[in-house]
Each structure stands twice: as C-alpha cells, then as structure tokens.
Amino acid sequence: MSLEQLIQQNLEHLIVEYSNRLTDTENNRFDEYFAAVKIQSWFRGVKWRKQLKYLNECATKIQKTWRGYMGRQKFRRLAMEKKDQEYNKMRRDAAIMIQKTWKGYYSRKYKHDYYAQKMFLNGIQKRHKIYILEKLEKSKQINLENKIDFESNQEKELKKYCIKNHHLVGTNMIDGVYSSKYHPKLQKMNDLIKYYNKMENKKSMREIKKKMKLKCITVENKYSNPTKPFDFKGPFKAPSVVFHLRHKKLEPTLRVQTDYFSIENAREQLKMKEYLQCIHDKTFNFKKIDSLEYESQLHSQFKYDDRLKYGSKHFRYYEDQ
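Keep in mind that this is a model prediction, so the values were computed, not measured. (Residues numbered from 1 in each chain as written. Predicted model: local features only at pLDDT ≥ 70, side-chain atom pairs only at ≥ 80, totals over all residues. Heavy atoms only, no water.)

Caption draft 1: Just the overall build of the protein chain, in detail. On a plain count of helices and strands, the protein chain comes out with 9 helices and 0 strands. The burial tally for the protein chain puts 7% of its 321 residues in the buried class. Accessible surface computed for the protein chain: about 31900 Å², of which carbon and sulfur atoms make up 58%. (Helix = DSSP H or I, 4+ residues; strand = E, 2+ residues; numbered from the N terminus. Buried < 20%, exposed > 50% of the residue type's maximum accessible area, 1.4 Å probe, protein only. Areas by Shrake-Rupley, 256 points an atom, 1.4 Å probe, with all protein chains shown as cover.)

The following block contains the structure:
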C-alpha cells in the first residue's frame, strides 16, 4: 500500500490532529514566549554581572595601583621637606650659637664690662624699690589726709544739720522726731542734736559775754565823763544787765521740763527709802547667850528614872505626885 493511499485513508484524522496541534501551539505560544524571555533575561543578567564584576575588579586594581603610587610620591616629598627643614634648623641653630658666642666675646672684650653692667642693673633695681616704697608711703599719707578731711567734712555737715534742726529735739513731755525707744539710730541722732546745740549755745553765750563786756566798757566810758549833764529818770537798770537780759537764752518752763509722772516717781522713791530704813541692822551677840545658866525643861523635872517624853499621856499625873 502506497503512501498516498494511507494519507487519503487517514486524511480526516490527520486534519483533526493538525487542527488540534495548531490550537495547542496557539494556546501555549504566550507561555513559551514568557519562558524564553525569562531564560534569556537570566542568562544575560548572569553574563553582564560577570562582565561588570570583572570590570569593577580591573578598575579597583588600577585605582589601587595609582593611589599607592601617588601616596608614595607624596610621602617621599614630605620626607624630603622634613629632612630639609631639620637640616636648615640645625644650620640656623649652629649659626646662632656661633654668632652669639662671637658677639658676647666681642662685647665683653671691646664694648662692655660685664661686672660694671651688673652693678649698674643692681643699682637701678635698688632705686626702683626705694621709689616704690616712697610712693606707697606718699599714697598712704594722701589717703589718710583725704580720710581725715572727709570725716571732718561729714562732722561739719552733721553739726550744721543738727544746729539747723534744733526744733526737732524732744523733751520730757513731748517726743521729738528723732526720740524713739525702738530705734537706737534715731535716739543717737536726738542725742547728737542736743549735744551740738548745747555746745553752740555755750559758744554763743561766750561771744555774747565778750560783746557785753565791750559794750559795757564803751557805755561806762561814755557816761563816766559826759560832755553834757545827763539826768536819769526812774529806776533804770545797768546797761550790762539790760544787754544780758536781751540776749539771754530761752529757758523752758517748769511744765515743759517736768514729767507728768514725776510725783508718782518721787512717791515710789520715798517708799523705797522708808522700806530700806526699816531693816534691822543690829548684830546678834552670842556672848550673852553663853553666859546664861541652863534651865531644865519641864518634862525632865520628875522623880522617876523612866522619863517620859514631853506631852505624853501621864505627864501631868507624875508632876502632881
């Protein structure tokens, strides 16, 4: 049987199988496509990663070699510079030492005397110390004078203030501005005002007395040898007495000077004095007691030896017998 006959006999079966295969291939085309793409992408990725790794290693090697070369060059250059600096420093120090030695020798031998220079500097130092001490003493003296002047000025101002404000002083009856038991500073100010006013009054009284004496002398000289007769009319006082009364200091009245409680205080003082006078101050004489004879007690005056105590039950009974 030939091939053509077989094909004709199985033509329908072949057509059906062909159509089935076409449908299968059409259905599996996308899966196969995506599988092929995935395989290709994986292979290409592996290939390119290997290539990039190789290139990276090559670049790293090149950079490492170049950087090492540049670092060694820089180190050699720095080492040479350091060596040159040390060499130059050594030469400079040696030159300085030579110059210093030569200049010192030359100056000591031909220009300056070392010991004379030393004595000169010591003298300058001593003079400087003396000058500083004198300056300190002068400054202390100036400070002391300034302090004394400041204190004297303060005292003058305080005195002036106290004399000016004499009306603020308190009396026994009326308290002043500065009289206070609870503020010692104010009380001190009150005492200062009193003291300075007292001193000022004494000073003014001295001046008044001097003026009064001078005026009295002038008045006596005037009326001792009058050119014209002068008749006094009435009981006139002497000019000195009139001048004294005119310039007499104002004295506070008894009501202002005394306190409201002065009578009560005087009574208490009198009572205290009487109480102290009533105390018996006579000494007790012991010799008189020793000279007296011993008097036997009542409870010991009975005839029996068995003595009973004083105040016992049968005390009167034994006495009666």
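Caption draft 2: Up close: the nonpolar core. In terms of nonpolar packing, the biggest core is built from 6 residues, these being Cys-162, Leu-168, Tyr-178, Met-189, Ile-193 and Tyr-196. Here this core takes 3 residues from helix 4 (residues 184–224), the largest share from any one element. Filtering out sequence-adjacent residues up to four positions away, Met-189 remains in contact with Leu-158, Tyr-161, Cys-162 and Tyr-178. (Core = buried A, V, L, I, M, F, W, Y, C linked by side-chain atoms within 4.5 Å. Contact = heavy atoms within 4.5 Å.)

Caption draft 3: Structural detail: the confidence of the model for the protein chain. With 73% of its residues at a pLDDT of 70 or more, the protein chain shows a mean pLDDT of 77. Across the protein chain, the secondary-structure element scoring lowest on mean pLDDT is helix 9 (residues 315–320), at 48, and the one scoring highest is helix 2 (residues 11–111), at 89. Here residues 317–321 is a poorly scored stretch, pLDDT under 50, and it has 5 contacts once near neighbours within four places are set aside; other chains count. (pLDDT = per-residue confidence, 0-100.)

Caption draft 4: Spatial organisation of a nonpolar patch on the surface. Taken together, the side chains of Leu-3, Leu-6, Ile-7, Leu-11, Leu-14 and Ile-15 define a hydrophobic patch exposed on the protein surface, amounting to about 540 Å² of accessible area. Listed by contribution, the elements that provide at least two residues to the nonpolar patch are helix 1 (3–9) and helix 2. Mapped onto the elements of the fold, Leu-11 is located in helix 2. Looking at Leu-11, the relative accessible area reads 43%, which means it is partly exposed. (Patch = residues over 30% accessible without salt bridge, like charges linked within 9 Å, V, L, I, M, F, W, Y side chains within 5 Å. Salt bridge = Lys/Arg side-chain N within 4 Å of Asp/Glu carboxyl O.)

Caption draft 5: Region of interest: a positive patch on the surface. A contiguous patch of positive charge on the surface is contributed by Lys-159, Lys-198, Lys-202, Lys-203, Arg-206, Lys-209, Lys-210 and Lys-249. Of the residues forming the positive patch, the biggest block, 6 residues, is contributed by helix 4. Mapped onto the elements, Lys-198 comes out in helix 4. (Lys, Arg positive; Asp, Glu negative; His and termini not counted. Charge placed at Lys NZ, Arg CZ, Asp CG, Glu CD.)

Caption draft 6: Representation of the packing of aromatic side chains in the model. Applying the stated criterion across every chain yields a total of 5 aromatic pairs. Relative to Tyr-105, the ring of Trp-102 lies with its centre 5.9 Å away and its plane at 40°, an arrangement referred to as tilted. Highlighted residues: Trp-102 and Tyr-105, both in helix 2, separated by 3 residues, approximately one helical turn. Relative accessible area serves as the criterion here: at 37%, Tyr-105 is assigned to the partly exposed category. Ring centres 5.5 Å apart and planes at 65° place the aromatic pair Tyr-195 and Tyr-196 in the edge-to-face group. (Phe/Tyr/Trp six-rings, centres within 6.5 Å; stacked < 30°, edge-to-face > 60°.)

Caption draft 7: Summary view of helix 2. Its 101 residues give helix 2 an end-to-end C-alpha distance of 141 Å, which sits within 8% of 150 Å, the value for a rise of 1.5 Å per residue. Bending of helix 2 peaks at approximately 45° at the position of Asn-28. (Expected span 1.5 Å × (residues − 1). Bend = angle between axes of the 7 residues up to and from the residue.)

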